Amino acid sequence: MTGAPVICVDGPSGAGKGTLSLRLAQGLGWHLLDSGAMYRVVAHACWSRGIDWQDEAEVVKTAMGLDVRFVPDGNGVTVWLAGQEVSHEIRSERGSLGASAVAALPGVRVALLDRQRSLALPPGLVADGRDMGTVVFPDAPLKIFLTASPEARARRRQTQLLERGESVSLPRLLEAINERDRRDSGRSVSPLVAAEDAIVIDSSDLSADGVFRTAMDCVAERGLELR
Ligand code: DC
């Protein structure tokens, strides 16, 4: 399906996919696709234009005409929408809610598919998302499903938000995570589910280094770092 090898890193919010994907991409010298950022930027563009996140026709139109650039930096990607940097805004709690809402619209997922696949360029791509292994890159040579308990994910999310100056209580974050999990797992298109051939890693009791080492063992087993 694509010209370059792809490592898929799927799983629920807060399991550490972003950190793992970035480290894999940096370690291997591969490209990075943060597909969640695509849904986030669609939601942000709709919000700033007063478009309802449930209005599928308008949201799809927005997704198709998106003037967006993802520029790699040392921490992942910087996101530019119509010449304005929106990296911070799209990662707020509002951005998370909006992304989850627009990601449930089938037309939006189709609208973003080609954009995602076009990033599978040599020497390889690390693709971070929910349906990378099941829908976008079904032939990928390595699929990792990274998960963690809701409590561990809520704690991590709180630390992340605090670092950005946003203070949200743990029970509220846990509720938001459970709600998002329900929505991401229960939707009819591309529900959050591990691909049959995915390797499941539970990061609840693992450090970021531990997760990275486990994933690199899988990469070595498949001979991917030698390409
Ligand atoms: O990974 P993230 O938290 O930035 O993702 C934001 C939202 O987008 C989340 O609710 C799940 C959704 N998403 C998706 O449905 N499919 C993807 N490939 C990536 C993200």
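Note: the structure precedes this text.
As a starting point, this report considers the structure included with it.

Right, let's get into helix α5 (residues 93–103). α5 sits mainly inside the fold: nine of its 11 residues count as buried. Within the span of α5, buried status applies to E93, G95, S96, G98, A99, S100, A101, V102 and A103. Summarising the contacts, the buried residues of α5 are in contact with α2 (35–48), α3 (56–64), α4 (87–90), α6 (106–117), α8 (150–163) and α9 (170–186).

Neighbouring the ligand are 15 residues, the closest being R40, R109, R130, D131 and R187. Between R109 and the ligand, the recorded distance is 2.9 Å, taken from a side-chain N or O atom to an oxygen atom. Between the ligand and R130, the relevant distance is 2.9 Å, taken from an oxygen atom to a side-chain nitrogen or oxygen of the residue. Every element with two or more residues in the shell around the ligand is listed here: α2, α5 and α9. Counting residues per element, the shell around the ligand draws most heavily on α2, which supplies four residues. For the shell around the ligand, the per-class residue count stands at four nonpolar, four polar and seven charged.

For the rest of this paragraph, the subject is the side chain of D34. Along the chain, D34 turns up in strand β2 (residues 31–34). A relative accessible area of 17% means that D34 is categorised as buried. A polar side-chain atom of D34 sits 3.2 Å from a polar atom in the side chain of R91.

Rules used in this analysis
- Residues numbered from 1 in each chain as written.
- Predicted model: local features only at pLDDT ≥ 70, side-chain atom pairs only at ≥ 80, totals over all residues.
- Heavy atoms only, no water.
- Buried < 20%, exposed > 50% of the residue type's maximum accessible area, 1.4 Å probe, protein only.
- Helix = DSSP H or I, 4+ residues; strand = E, 2+ residues; numbered from the N terminus.
- Contact = heavy atoms within 4.5 Å.
- Near = heavy atom within 4 Å.
- Polar contact = N/O pair within 3.5 Å; in protein donor to acceptor, adjacent residues only side chain to side chain.
- Nonpolar A, V, L, I, M, F, W, Y, C, P; charged D, E, K, R; others polar.

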